[in-house]
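Structural features, examined
Residues per chain are reported as follows:
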Amino acid sequence: MDETKEMQPDLPQTDAGEKTAESVLETLRAEHEKELRQVRIDGEVRYVLARMGARNPALAAKALDLSGVEADENGVSGVEDSVKRLMTSDPYLFGFGQMTPSGREGSSGAVHGGSRRDPDTLSDRDYYDMILKRC
């Protein structure tokens, strides 16, 4: 028995009996290019969403229309335009402040509607007045 035949992988054969390693290799290259293109697009989407202040980048990425996005060996183009369209249509997905339970943006941490005084700096009388709502 020929040892070289035992070591060769089984490849699909054409009607003529020729091995089609070239066609298998081309198929694998095409699949690899497709996966690589998607990885490039996903990376650019995450970068642009983070740079433009997406509150939840994973959710915003799912809402993006990527039909105009092109990826080639020079890079990815069209992602910023897609993100800008999303910012216009769904602005609640973007912003740098924190959302309060009322849905309004607030980042100061102060209680709105009046300022509270720090109880550690108050006298006993002022503290009890503040607690009993007399001030």
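Everything discussed here concerns the structure shown above.
Described below are features of the structure shown in this document. It should be emphasised that the depicted structure is a prediction, and the values quoted were computed from it without experimental measurement. (Residues numbered from 1 in each chain as written. Predicted model: local features only at pLDDT ≥ 70, side-chain atom pairs only at ≥ 80, totals over all residues. Heavy atoms only, no water.)

**Considering the overall build of the chain**
Within the chain, the regular secondary structure consists of 5 helices and 2 strands. Counting from the amino terminus, helix and strand elements in the chain follow one another as α-α-α-β-β-α-α. A total of 135 residues make up the chain; the buried ones form 17% of that total. When the accessible surface of the chain is totalled, it reaches about 11,000 Å², and 51% of it is carbon and sulfur. (Helix = DSSP H or I, 4+ residues; strand = E, 2+ residues; numbered from the N terminus. Buried < 20%, exposed > 50% of the residue type's maximum accessible area, 1.4 Å probe, protein only. Areas by Shrake-Rupley, 256 points an atom, 1.4 Å probe, with all protein chains shown as cover.)

**Describing a negative patch on the surface**
Residues E33, E70, D72 and E73 make up a contiguous surface patch of negative charge. If you trace the backbone, E73 turns up in the loop between β1 (70-72) and β2 (75-77). Under the relative-accessibility criterion, E73 is labelled exposed at 68%. (Patch = residues over 30% accessible without salt bridge, like charges linked within 9 Å, V, L, I, M, F, W, Y side chains within 5 Å. Salt bridge = Lys/Arg side-chain N within 4 Å of Asp/Glu carboxyl O. Lys, Arg positive; Asp, Glu negative; His and termini not counted. Charge placed at Lys NZ, Arg CZ, Asp CG, Glu CD.)

**Some points on the pattern of salt bridges**
The full count for this structure, using the stated rule, is 2 salt bridges. The closest approach of N and O atoms between E80 and R51, which form a salt bridge, is 2.7 Å. Here R51 lies in helix α2 (residues 21-51) and E80 lies in helix α4 (residues 79-89), a separation of 29 residues in the sequence. The exposure class assigned to R51 is partly exposed, which follows from its relative accessible area of 42%.

**Quick word on a nonpolar patch on the surface**
A cluster of nonpolar side chains, contributed by Y127, Y128, I131 and L132, occupies part of the molecular surface with about 400 Å² of accessible area. Looking at the element boundaries, Y128 is found in helix α5 (residues 124-131). Note on Y128: relative accessible area 51%, which makes it exposed.

**Overview of the packing of α2 against α4**
Direction vectors running N to C along α2 and α4 enclose 45°, while the axes themselves pass 10 Å from each other. Here α4 runs oblique to α2, going by the angle between their axes. Relative to α4, the crossing made by α2 is right-handed. For the pair α2 and α4, the contacting residues are E44, V45, V48, L49 and R51 in the first and V79, E80 and V83 in the second. Here the residues of the contact of α2 with α4 sort into 5 nonpolar, no polar and 3 charged. (Axes fitted to C-alpha atoms, helices over the stretch in contact; angles between N-to-C directions. Parallel < 35°, antiparallel > 145°, perpendicular 65-115°, else oblique. Left-handed = near helix turned anticlockwise from the far one by under 90°. Contact = heavy atoms within 4.5 Å. Nonpolar A, V, L, I, M, F, W, Y, C, P; charged D, E, K, R; others polar.)

**Some remarks on the nonpolar core**
Ranked by internal contacts, the top residues of the largest apolar core, which has 15 residues, are L49, V83 and F94. Elements represented by at least two residues in this core include exactly α2 and α4. Looking at which element gives the most residues to this core, the answer is α2, with 4 residues. Filtering out sequence-adjacent residues up to four positions away, F94 remains in contact with L49, M52, G53, A54, R55, V83, L86 and M87. (Core = buried A, V, L, I, M, F, W, Y, C linked by side-chain atoms within 4.5 Å.)

All quantities given are derived from atomic positions and should not be read as evidence of function.
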